Amino acid sequence: MPNIGPAELLVVAILFAVVLTIVIGIVMAARKGNQMPMPTPMPTPQGLHELVTGLVRAGRKIEAIKELRRHTGLSLRDAKVAIDGVAMGHDLWSHPAMTRFKAAQPTALPHTGVAGPDLATRVRELKAAGRAEQAVYLVRGETGMGEREAELFVEAL
């Protein structure tokens with residue numbers, strides 16, 4: 001039987017550590033792959049509307065597009081156009097691609113029996129009342145637009 005010196009023992013120990021690390025990595029990857037992701041609950045139409053408009057107001061349009069696509073199955077183009085409309089103050093449900101979800105529109109306000117006005121309607125009302133500056137502040141607050149963009153939006157209505 002040959003003598004094993006410290007150098008040989010060190011090489012064997014290193015090889016053993018490498019093999020052990022590889023085996024542990026494979027086991028951990030297999031366990032991670034077998035875990036089922038937690039299902040996300042499907043939001044109500046009102047909840048989806050609030051989620052999407054909240055993301056748009058926070059300046060997170062890409063996330064809003066992803067959420068809209070995930071919950072509705074819209075194409076990337078349709079979801080982007082719908083989100084751009086929301087950013088401009090239009091109602092999410094006014095986009096033509098959302099017609100198949102019309103039955104699930106946000107519910108009416110309890111005290112009036114009619115759906116609440118969207119941003120564009122409120123801006124038009126303020127503008128008609130001679131309160132264009134307040135309309136600009138409203139647009140900036142709800143969309144995150146800069147002052148010049150908001151002024152252009154108000155002027156366009």
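Bear in mind that the values here come from a model prediction, so they are computed numbers and not experimental data.

Asks: Which parts of the structure should I look at to understand the overall build of the chain?
Replies: Each helix and strand counted, the chain has seven helices and zero strands in total. Reading the chain from its N end, one meets helices and strands in the order α-α-α-α-α-α-α. Out of the 157 residues belonging to the chain, those deemed buried represent 26%. The long-range share in the chain, meaning contacts at least 24 apart out of those at least 6 apart in sequence, stands at 43%.

Asks: I would appreciate a short explanation of the packing of helix α6 (residues 132–143) against helix α7 (residues 147–156) in the present structure.
Replies: To characterise two packed helices, one gives the angle between the axes of the helices and the distance between these axes. Across the interface, α6 lies against α7 with an axial gap of 9 Å and an inter-helix angle of 120 degrees. Classified by the angle their axes make, α6 and α7 are oblique. Here α6 runs over α7; the crossing is right-handed. Across from A132, A135, V136, V139 and R140 in α6, the residues of α7 making contact are E147, A150, E151, F153 and V154. Across the contact of α6 with α7, the residue classes tally to seven nonpolar, no polar and three charged.

Asks: Any chance you could explain the side chain of T53 here in plain terms?
Replies: Summarising the element assignment, T53 is placed in helix α2 (residues 45–57). There is a polar contact of 3.2 Å between the side chain of T53 and the backbone oxygen of E50.

Asks: Is there a simple way to explain the pattern of salt bridges in this structure?
Replies: When the charged atoms of two side chains with opposite charge come close together, those side chains can pair. Under the criterion given, the structure shown has seven salt bridges. Residue D84 pairs with K80 through a salt bridge whose shortest N-O separation is 2.5 Å. Residue D84 and its partner K80 are located together in helix α4 (residues 76–87), separated by four residues, close to a single helical turn. Looking at K80, the relative accessible area reads 41%, which means it is partly exposed. For the salt bridge of E147 with R140, the shortest nitrogen-to-oxygen distance reads 3.9 Å. Judged by its relative accessible area of 33%, R140 is partly exposed. Each member of the salt-bridge network shares a partner with another, and the members are K61, K80 and D84.

Asks: What's the story with the nonpolar core in this structure? I'm lost.
Replies: Note on soluble globular proteins: their nonpolar side chains tend to be buried together. Counting 17 residues, the largest nonpolar core has V52, V56, L68, I83 and L92 as its most contacted members. Of all the secondary-structure elements, those providing two or more residues to this core are α2, α3 (61–72) and α4. If you tally residues by element for this core, the top one is α4, at five residues. Those residues in contact with L92 that sit more than four places away from it in its chain are H49, L68, A82, V86 and M98.

Asks: Is there a simple way to think about α6 in this case?
Replies: The α-helix winds at 3.6 residues per turn, so residues separated by three or four positions along the chain end up facing the same way. In a regular helix each residue adds 1.5 Å, so twelve residues correspond to 16 Å; α6 covers 16 Å between its end C-alpha atoms and thus fits that length. Taken as a whole, α6 has its buried residues at A135, V136, L138, V139, E142 and T143. Mapping the buried residues of α6 onto a view down its axis gives an arc of 160 degrees, with all of them on the same face. Turned more than 90 degrees from where α6 packs its buried face, E133, Y137 and G141 sit exposed.

Cut-offs applied
Position numbers for residues start from 1 in each chain and track the written sequence from start to end. Local features in this predicted model are restricted to residues of pLDDT 70 or higher, and side-chain atom pairs are both shown and tallied only at a pLDDT of 80 or more, whereas totals for entire chains, interfaces and linings draw on every residue. Think of the side-chain values as coming from all heavy atoms in the structure, minus any hydrogens and water. Helix numbering and strand numbering both begin at the N terminus, where a helix is a DSSP run of H or I of at least 4 residues and a strand a DSSP run of E of at least 2. When accessible area is computed with a 1.4 Å probe and restricted to protein chains, residues below 20% of their type maximum are described as buried, those above 50% as exposed, and intermediate ones as partly exposed. Only heavy atoms matter for contacts: two residues are in contact if any of them lie within 4.5 Å across the pair. Orientation is described by lines fitted to C-alpha atoms, with helices fitted over the stretch in contact, and by angles between N-to-C directions that extend from 0 to 180 degrees. Each angle is binned into one of four classes, with values under 35 degrees roughly parallel, values over 145 roughly antiparallel, values of 65 to 115 roughly perpendicular, and all other values oblique. Each crossing gets its hand from how the near helix is turned against the far one by less than a right angle, where anticlockwise is left-handed and clockwise is right-handed. We call Asp, Glu, Lys and Arg charged. Ala, Val, Leu, Ile, Met, Phe, Trp, Tyr, Cys and Pro are nonpolar, and the rest, Gly among them, are polar. N or O atoms closer than or at 3.5 Å make up a polar contact, with two conditions inside protein: a donor-capable atom paired with an acceptor-capable one, and, for residues adjacent in sequence, both atoms drawn from side chains. The salt bridge definition used is simple: a Lys or Arg side-chain nitrogen within 4 Å of an Asp or Glu carboxyl oxygen. Only buried residues count toward a nonpolar core. Its members are Ala, Val, Leu, Ile, Met, Phe, Trp, Tyr and Cys residues joined through side-chain atoms within 4.5 Å. To estimate how far a helix should reach, multiply one less than its number of residues by 1.5 Å. For this quantity, the arc is that covered by the directions from the helix axis to the C-beta atoms.

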